[in-house]
Amino acid sequence: METNKPDKVNPVEPDKVAAGEQEGPSRRELLVKGGKIVAGIGVASLLGNLGNWALSYAADKEPIKIGILHSLSGTMAISEVSLRDTVMMAVEEINAKGGVMGRMIKPVVVDPASNWDLFAEKAKQLLLQDKVSVVFGCWTSVSRKSVLPVFEKNNGLLFYPVQYEGEECSRNVFYTGAAPNQQAVPAVDYLMSKEGGGFTKFYLLGTDYVYPRTTNKILRAMLLAKKVPADSIMEEYTPFHHQDYQTICGKLKKFAAGGGAAVISTINGDSNVPFYKEFANQGLRAEDAPIMAFSVAEDELRGMDTSALVGHLAAWNYYQSVDTPQNKQFVANFKAYCKKNNLPDGEKRVTDDPIEAAYFGVYIWKQAVEKAASTEVDKVRKAVYGSKFLAPGGEIMMDAANHHTYRPVLIGEILADGQFKVVSRSKGLVKPEPWSEYTNPDKGCDWVGHQGTYQK
Amino acid sequence: MSTSFVCLVEKRFTIMMIFLGRTAATLSLIGLFLFSVQSWAIAGEADEPGATPPVVSSIEQALSQVTSEDESVRDAAIRTLVDQGDAGLLPRLEQIRANADRSTRQAIKPLMDSLKNRANLTSPSTDVRRSAATDLGSAGRVWAIPWLEAAAANEPNKWVRYTMEESAALLRLASDDPLVRTVAAAKLGELCSQNGVTALKKLVAVGEGTEATEPEKVVAKAAGEAIQRIENWGFWSNVIETCFRGISLSSVLLIMSLGLAIVFGLMGVINMAHGELMMVGAYATFVTQQCFMAWFPSDVFDWYFIAALPIAFLAAASSGLLLEATVIRFLYGRPLETMLATWGVSLVLMQAARVYFGDLTAVIAPGPLRGGAQVMIGVYLPYNRIFIIGLSIVCVLAIYYTLFGSNLGIRVRAVTQNRNMSACLGIPTRKVDSYTFAFGSGLAGIAGWALTMVGNVDPGLGQNYIVDAFMVVVTGGVGKLAGTIVASLGIGGLNKLIEPSFGAVYGKVFILVLVILFLQWRPSGLFAMKGRSADS
């Protein structure tokens, strides 16, 4: 509860003031010290913009509060806890290097408990009561939809780190995960290409909620546009927590007979294991009909019995196996962080796409705050546009107007150890398009030249 | 023998000579001698002198030509390699491929796949042989036909032979000769091959076209007949598969409702934590597996699953005993409070599992329960499902024996029918209650153990199954085991009957609506208790 109180930040934090001193003198001393610094650096300010920064440094040394809105209990905890850990790690790194504009970052962690209504409530609490400058959070689309009105009404700022179905263009959200044209569409493009196997029949299989439905709507439109006959596209949904995939695998077998068929899976969460198991047990192989999954990443695979999954595919914008020096460092840091803080599974933890997106989201915000020299949402927002950052998986760039992120697209093959081998990589970064060219060709998203979603 | 020995000795001698730097005359003399011995040996080995060296060189030549810019040269080279090469060339091709440009890489890929699959056709593992045959069939390279036919002739396994013949026929279907195509189509029809339907349909379409020639029409007719035959077979195999799926789902439903049928059905306790007792069984299986991994040699690993059965039963039974002694015993006869209290317990257990085990939990299926048995063309019965069907039958028999054939069973039935009277007759009702509850909980543990074979092990496992389990017990009629069995068969079968045409989501909706309607009509379920029971 302590962290949630509307605290008038107590300047006497033991690590900042010499031990044993009283509150009064220490504050005075602090101010004096600050004054000295101002005086010292004030001279330097003549040289440039530095003075501004120094003034603000002295004026409010109080930490900047940020909110972390990820489920720590309930069904989504399995995925979201890792994102909380990642954001905390990024904050620790930033604080260790002197914070943002010389101010420490103080995370306020709340637990919306995988409950969509609670997400909105907790978001309200973060914005109005804790007055955080920015919130990092949400995983499922339904939780994002639930907090959206809160952020828009109170002009908050949310960094959303997970790939999603698109068709959204909020002024108060930055989407660091993939839009449909950065994951689903290139994945199917790859399957249709000669190099990807030249597949001609597609079985779109998903859990019954907004993300799979919208994604499959886009994919169907795309396949039809590419002259795939309608009877070569099958679409099927299962309820959440579906466990019995016998009938579906039977249908799939019939569909795949004769070759050229691929499965596009948007199955979510705990239904994946029964599905892959049944698929293998009915005598189907990855060579007969590969399963291209959009919701299976390293974090879900660790601890899973991967024997039934080897050879199947996934599409993401980052894998732990991406070979860049900064990624090696990032993976090592993450494992070390989990071990040091005694988080469950410690060193066995892995990184994946949403984790990377959550991580660089914090840095994008930091850069923007430093550029804007303010934590005010309106100024920060402008500073985010077009900013770049060398993320673990390579350099990424925020779009100049549509609040989404330029990212590379990687197709990976599942290996026995739960890691991915990259089999295809996009040329450079892919521009994010929240409104798909296939389902909404006339719509665009622009917060600079237009007011959000506009008609082209 | 003796010559080669001499040759060897001489060779060594030669090297020594060189090393020592003796005169050139000696060297050349011995070299001459060596050469003559060697050429004699080669001529002796190969019956036709001079035949072997050109083959070696033609492969070498082809290997150097596969990287050629000229497509026809490259194709000819690939052809040569296919005809004369074997899997031994793979490392070299891999090397060539690594350095080649994109078009060459793509040209070499099918060649390498073919050679690899050809080698795999003689692998000792049936799965590998079968995969290789399927791949050769779907790759569409005519050169694989003789390989497949040769392999099929020596193939001991019926289904692998089937796949080889099917693949060969599929490849022949692309032949230029209409007669070959007709024979191949007939063969596919005979084999009832689902994989052939797409290609056959194309032939039919060609034959029905306006510009079809006479032979094409003949082929189309044969293809049409084959399709008819395949579809006929497909219909029946579908019927059989649907029946199996229905039975399999029923057995899953049955095994998870058996424990509940005793706890809720016989004792009248609404235990919302029943699902979490299944979870306890599943986690007990997981823990046993981890112990086997850590402490036992890997060749006995598969036995962990057998060892986990009593452990899962005892773990769940003792949790049940504890639950009964600490919570439920104080709430007998107060269903609402029992429900709320046990629901609270279920939440506690779930979060405890989440905190303690996290998400790094997966039970690896033991070897014999992986994969499936092919019983007919196109019909696979997964071993894990056959296993669960068998297990549910065994459990039902065990319960019937316990309840109707043992002393404990008589007491249990007596207490559940009339508690006061049984107490009067000297039955320790308190003890019987806790044993019955523990037994029901233990059955939940067994269900959890078995369900690790089809689903995952996670804290939400109980929640996934509990609703279905209650539905089965209520529909079957509270207090009647036979009702539970019939209801699970009915619900499982109906679900699988509806699902193919309406999809999984509506399948579930339909079932729920049907259950509601049914309960309107017969509120006490399929098999209603007759006469006076303890509750009424």
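It should be noted that the structure appears before, not after, this text.
Quick notes on the rules
Every chain's residues receive numbers from 1 upward, in the order its sequence appears when written. Here every chain gets a letter starting at A, and every ligand a number starting at 1, in the order they are written. Local features in this predicted model are restricted to residues of pLDDT 70 or higher, and side-chain atom pairs are both shown and tallied only at a pLDDT of 80 or more, whereas totals for entire chains, interfaces and linings draw on every residue. Helix numbers and strand numbers start at the N terminus; a helix is a DSSP run of H or I with at least 4 residues, a strand a run of E with at least 2. Here, residue contact means that the backbone-derived C-beta atoms of the two residues sit within 7 Å. Residues are called buried when their C-beta atom has 20 or more other C-beta atoms within 10 Å, exposed when it has 12 or fewer, and partly exposed otherwise; all C-beta atoms are positioned from the backbone. Fitted lines through C-alpha atoms serve as axes, helices being fitted only where they are in contact, and the angles separating the N-to-C directions of these axes extend from 0 to 180 degrees. Each angle is binned into one of four classes, with values under 35 degrees roughly parallel, values over 145 roughly antiparallel, values of 65 to 115 roughly perpendicular, and all other values oblique. For a crossing to be left-handed, the near helix must be turned anticlockwise from the far one by less than a right angle; the clockwise case is right-handed. As a working rule, the residues Ala, Val, Leu, Ile, Met, Phe, Trp, Tyr, Cys and Pro are called nonpolar, Asp, Glu, Lys and Arg charged, and the rest polar, with Gly in that last group. In this description, strands pair whenever DSSP reports at least two bridges between them. Orienting the strands away from the viewer, one traces the path from the first strand over the helix to the second; a clockwise path indicates a right-handed crossover.

Engineer: Can you lay out the overall build of chain B for me, pointing to particular residues and giving the numbers?
Structural biologist: Helix and strand content of chain B: 21 helices and 2 strands. In chain B, the share of contacts with a sequence separation of at least 24, taken over all contacts with a separation of at least 6, comes to 69%.

Engineer: Which residues make up the environment of proline 382 of chain B, and what values go with them?
Structural biologist: For proline 382 of chain B, the location among the structural elements is in strand S2 (residues 379–382). Its 25 C-beta neighbours within 10 Å are what place proline 382 of chain B among the buried residues. As for proline 382 of chain B and glycine 372 of chain B, which are separated by 10 residues in sequence, their C-alpha atoms are 3.7 Å apart. Not counting residues up to four positions away in its chain, the partners in contact with proline 382 of chain B are Asn281 and Gln282 of chain A together with Gly372 of chain B.

Engineer: Please set out the packing of helix H12 (residues 353–372) of chain A against helix H13 (residues 377–384) of chain A residue by residue, giving values where relevant.
Structural biologist: Residues and elements named next belong to chain A. Contact pair H12 / H13: the axes reach a minimum separation of 8 Å and the direction vectors enclose 110°. Between H12 and H13, the angle is such that the two are roughly perpendicular. Between H12 and H13 the crossing geometry is right-handed. Contact with H12, carried on its side by Ile364, Trp365, Ala368, Val369, Lys371 and Ala372, involves Lys379, Val380, Lys382, Ala383 and Val384 of H13 and no other residues of that element. Among the residues making up the contact of H12 with H13, the classes are represented as 8 nonpolar, no polar and 3 charged.

Engineer: How would you summarise the pairing of strand S7 (residues 233–238) of chain A if you had to cite specific residues and measurements?
Structural biologist: All names here are of chain A. Of the pairings in the sheet, the one linking strand S6 (residues 201–207) to S7 comprises 6 bridges and is parallel in character. From the neighbouring strand, tyrosine 203 faces S7, where its bridge partner is methionine 234. In this region the chain leaves S6, passes through helix H7 (residues 210–225) and returns to the parallel neighbour S7; the handedness of that crossover is right-handed.

Engineer: Before we move on, can you summarise the interface of chain B and chain A with the specific residues and values?
Structural biologist: Between chain B and chain A, the residue contacts involve 39 residues of the former and 37 residues of the latter. Every element with two or more residues in the side of chain B that touches chain A is listed here: helix H7 (126–139), helix H11 (197–208), helix H12 (214–266), helix H15 (335–357), strand S1 (372–376), S2 and helix H21 (481–521) of chain B. By residue number, the principal contributor to the side of chain B that touches chain A is H21 of chain B, which donates 7 residues. Broken down by class, the residue content of the side of chain B that touches chain A amounts to 12 nonpolar, 18 polar and 9 charged.

Engineer: For the pairing of strand S10 (residues 313–316) of chain A, give the residues involved together with the corresponding values.
Structural biologist: Each regular strand carries side chains that alternate between the two faces of the sheet. Residues and elements named next belong to chain A. Residues of S10 alternate between two faces, with Leu313 and Ala315 on one and Ala314 and Trp316 on the opposite face, all of them buried. Here 2 bridges tie strand S9 (residues 291–293) to S10, and the two strands are oriented parallel to one another. For methionine 292, the partnering residue across the bridge sits in S10 and is leucine 313. Bridge analysis of S10 against strand S14 (residues 410–414) gives 4 bridges, and the strand direction is antiparallel. Opposite alanine 315, over in S14, you have isoleucine 411 as the bridge partner.

Engineer: Can you tell me about the packing of H12 of chain B against helix H16 (residues 383–405) of chain B, naming the residues and giving the values?
Structural biologist: Residues and elements named next belong to chain B. Interaxial distance between H12 and H16 falls to 9 Å at its minimum, and their mutual angle equals 40°. By the angle between their axes, H12 is oblique relative to H16. Of the two possible hands of crossing, H12 and H16 adopt the one that is left-handed. Only Arg385, Ile388, Ile389, Leu391, Ser392, Cys395 and Ile399 of H16 make contact with H12, whose side of the interface consists of Ile247, Ser248, Ser251, Val252, Leu254, Ile255 and Leu258.

Engineer: Tell me about the sheet that holds strand S5 (residues 173–175) of chain A, and name the residues and values.
Structural biologist: All names here are of chain A. Taken in spatial order, the 5 strands line up as S2-S1-S3-S4-S5 in an open sheet, and their pairing is parallel. A strand with exactly one partner marks an edge of an open sheet, and here the two such strands are strand S2 (105–110) and S5. Geometrically, the sheet is characterised by an average inter-axis angle of 25° between neighbouring strands, direction not taken into account. Where strand S1 (residues 64–69) meets S2, 6 bridges bridge the pair, whose relative direction is parallel. The residue bridging glycine 67 from the neighbouring strand is valine 108, located in S2. Each of S1, S2 and strand S3 (134–137) is contacted by helix H3 (residues 77–96), which is oriented at about 165° to S2, the strand it contacts most.

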